[in-house]
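The residues making up each chain are set out below.
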Amino acid sequence: MKHSGELAAMYQEMGISPKVAGFGNKILEELAERFCEIDETAEYNQLKVLQAMQKNQVSEACLLGTTGYGYNDLGRDTLEAVYADVFHTEDALVRPQITCGTHALALALMSNLRPGDELLSPVGKPYDTLEEVIGIRPSRGSLAEYGVTYRQVDLLPDGSFDYENIRKAVNERTRLVTIQRSKGYQTRPTLSVSRIGELIAFIKGIRPDVICMVDNCYGEFVETLEPTDVGADMAVGSLIKNPGGGLAPIGGYIAGQKSCVENAAYRLTSPGLGKEVGASLGILPQFYQGLFLAPTVTAGALKGAIFAANIYERLGFLVVPDGSESRHDIIQAVTFGTPEGVTAFCEGIQAAAPVDSHVTPEPWDMPGYDAKVIMAAGAFVSGSSIELSADGPIREPYAVYFQGGLTWQHAKFGILKSLQALVDKKIVQI
Ligand SMILES: *Cc1c(COP(=O)(O)O)cnc(C)c1O
C-alpha cells in the first residue's frame, strides 16, 4: 500500500502500538472475501432505497417541514410511502414523535392489542425494556395493566424454535406474536430473515389471522430481504439505529399492513386524527438523507462487528456470532467473564470517539434495565447505537455488546483501541 508507512505512524500517534495494529491487520487479511459480500448487499440495498425514492418522486419540496398540526405534510407523507416501498408493505408510520425503539414497539403492541387479547413471544424473553411494556416486570401503564396477557416459549437449547410448545401456546386469545430478530442482551443467535419467515409460516398455519410483528432493531439492511418480505405484518425499529443512517437525531418506524399501521397512528396521535397530524418541523432532510446512507453505514458497522469477532475469538473469548458465521444484525457480543474486561473494552471504544473521547464511562442504573449498565458512546446523536458504541450489563456472564460505526475505518480504529486497552491492563496478551 502506497501510504502504509504514513498510516502506521498515524495509528501509533493515536495510541495504537505497532503490535496491536499488526495483530489487527493480520486478521483483516483473512476477511477480504466476506467484506466483498457485505459490499454487494449494500449495493443492492442502496438501489432498493434509491428506487423507492425515485418511484415516490421525492422532490425538493419534500425536504421542507411543517409546523403546528402538520396537515398535508408532503415530505412526511412521501417519506412514509418511501419506507413502505423499501419494506414492501402497504403503509408505514415514520415519525420524530416516536421517541425511540422501545416507544415504536410499545406503540405497535398497545395499538394492535385489546383487553382480553394475548401476546406471544415464541423466541424467548424479549429485549429488556419490553419487559416493562408487557408487564413481565410489573410496571405502570403496562399491557398487563390493561388486561393483555403474555405467554412466552423459549428457544430450545440449540437455538431452534420449539415448534411443539409454540403450537400449544397459540390459543383463541392469541392476537399478536412478537418476534425479536436481534439477540438484545442475550447470547442466543440472531434470527435470519429466512428463519423468521419459517416461524411466521408455522404460526400462520395454525392461526392465519394472528398479527406477526418483528422487532427489527439492528437488522435493517443487513440482508437484502426484510422480515416484511417473508410474511411479517409489521416491522418495527428505531431511527437512531440502522435506518437513520447516523443522521436521524430521533425517531422510530412501523412498516406493515395498512390496518396495523393505522391502529398505531390512531394511538400515536389520537382516534380520528391518525396519520393526518404530526408536524415534521425541520427534521425531514436528516430522515431522507439518513435512509439514503443507511445501506452503506450498516455495511461499515457490519464489517466492524466481523472484525471484532475475529480478533476476540482468536484471543480465546466466546464471541456471538462467531468469527465465520453469517450475519443477521450488526451486534457483536464478546464474553469477557469479568467486569474488568467489560470495562476495559468500553473504555477503549470511548477513547476512540469523535465526541467525548476524553471521558471515562462508568456503570449506572439505566431506566428500563434491571442491572447496572456500562455504555461507551461518544456520538454525535446522544445514545445513538449506529454510531460506534458498546454496552454491557454488569452481570454474569460479563458480556459486552458492541455495535455501529458510521464508517468502517472508524469501527476498525475503535476495535483496535479496545484491544489496546485490554493489552495495557494486562487482561489479554498478544
Ligand atoms: C435497541 C433495541 C430496542 C429498544 O430500542 P431503544 O431505542 O433503545 O428504545 C428494542 N429491541 C431491540 C432488539 C433493540 O436492539
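Just so it is clear, the structure is predicted and the values come from calculations on it, not from any experiment.

The rules behind each value
- Residues numbered from 1 in each chain as written.
- Predicted model: local features only at pLDDT ≥ 70, side-chain atom pairs only at ≥ 80, totals over all residues.
- Heavy atoms only, no water.
- Pairing = 2+ DSSP bridges.
- Helix = DSSP H or I, 4+ residues; strand = E, 2+ residues; numbered from the N terminus.
- Axes fitted to C-alpha atoms, helices over the stretch in contact; angles between N-to-C directions.
- Contact = heavy atoms within 4.5 Å.
- Near = heavy atom within 4 Å.
- Polar contact = N/O pair within 3.5 Å; in protein donor to acceptor, adjacent residues only side chain to side chain.
- Areas by Shrake-Rupley, 256 points an atom, 1.4 Å probe, with all protein chains shown as cover.
- Nonpolar A, V, L, I, M, F, W, Y, C, P; charged D, E, K, R; others polar.

Engineer: Any chance you could explain the sheet that holds strand β11 (residues 389-393) here in plain terms?
Structural biologist: Strands pair in a sheet through their backbones, by hydrogen bonds, and they do so in one of two ways: parallel or antiparallel. Reading across the sheet, the five strands line up as β8-β9-β12-β11-β10 and stay open at both edges, with antiparallel pairing between neighbours. Where the open sheet ends on each side, the last strands, each with one partner, are β8 (318-320) and β10 (373-377). Geometrically, the sheet is characterised by an average inter-axis angle of 15° between neighbouring strands, direction not taken into account. In terms of strand pairing, β8 meets strand β9 (residues 332-335) through three bridges, oriented antiparallel. Looking across to β9, one finds that V320 is bridged to A333. Along the sheet, helix α11 (residues 339-351) contacts β10, β11 and β12 (399-403); its crossing angle with β10, the most-contacted strand, is approximately 20°.

Engineer: Can you walk me through the site of the ligand in this structure?
Structural biologist: All residues in the neighbourhood of the ligand are listed as C100, G101, T102, L105, Y127, Q180, D215, C217, Y218, S238 and K241. The side chain of T102 places a nitrogen or oxygen atom 2.6 Å from an oxygen atom of the ligand. Within the side chain of K241, a nitrogen or oxygen atom sits 3.1 Å from an oxygen atom of the ligand. The protein chains hide 90% of the 380 Å² of surface that the ligand would expose on its own. In terms of residue count, the dominant contributor to the shell around the ligand is helix α5 (residues 101-112) (three residues). Residues of the shell around the ligand, tallied by class, amount to five nonpolar, four polar and two charged.

Engineer: Can you help me understand unusual backbone geometry in this one?
Structural biologist: Residues other than glycine predominantly adopt negative phi, and peptide bonds predominantly adopt the trans conformation. In this structure, P321 follows V320 across a cis peptide bond, with omega equal to -5°. Residue position: P321 is located in the loop between β8 and β9. Residue P397 is bonded to the preceding E396 through a cis peptide linkage, with omega at 0°. Along the chain, P397 turns up in the loop between β11 and β12.

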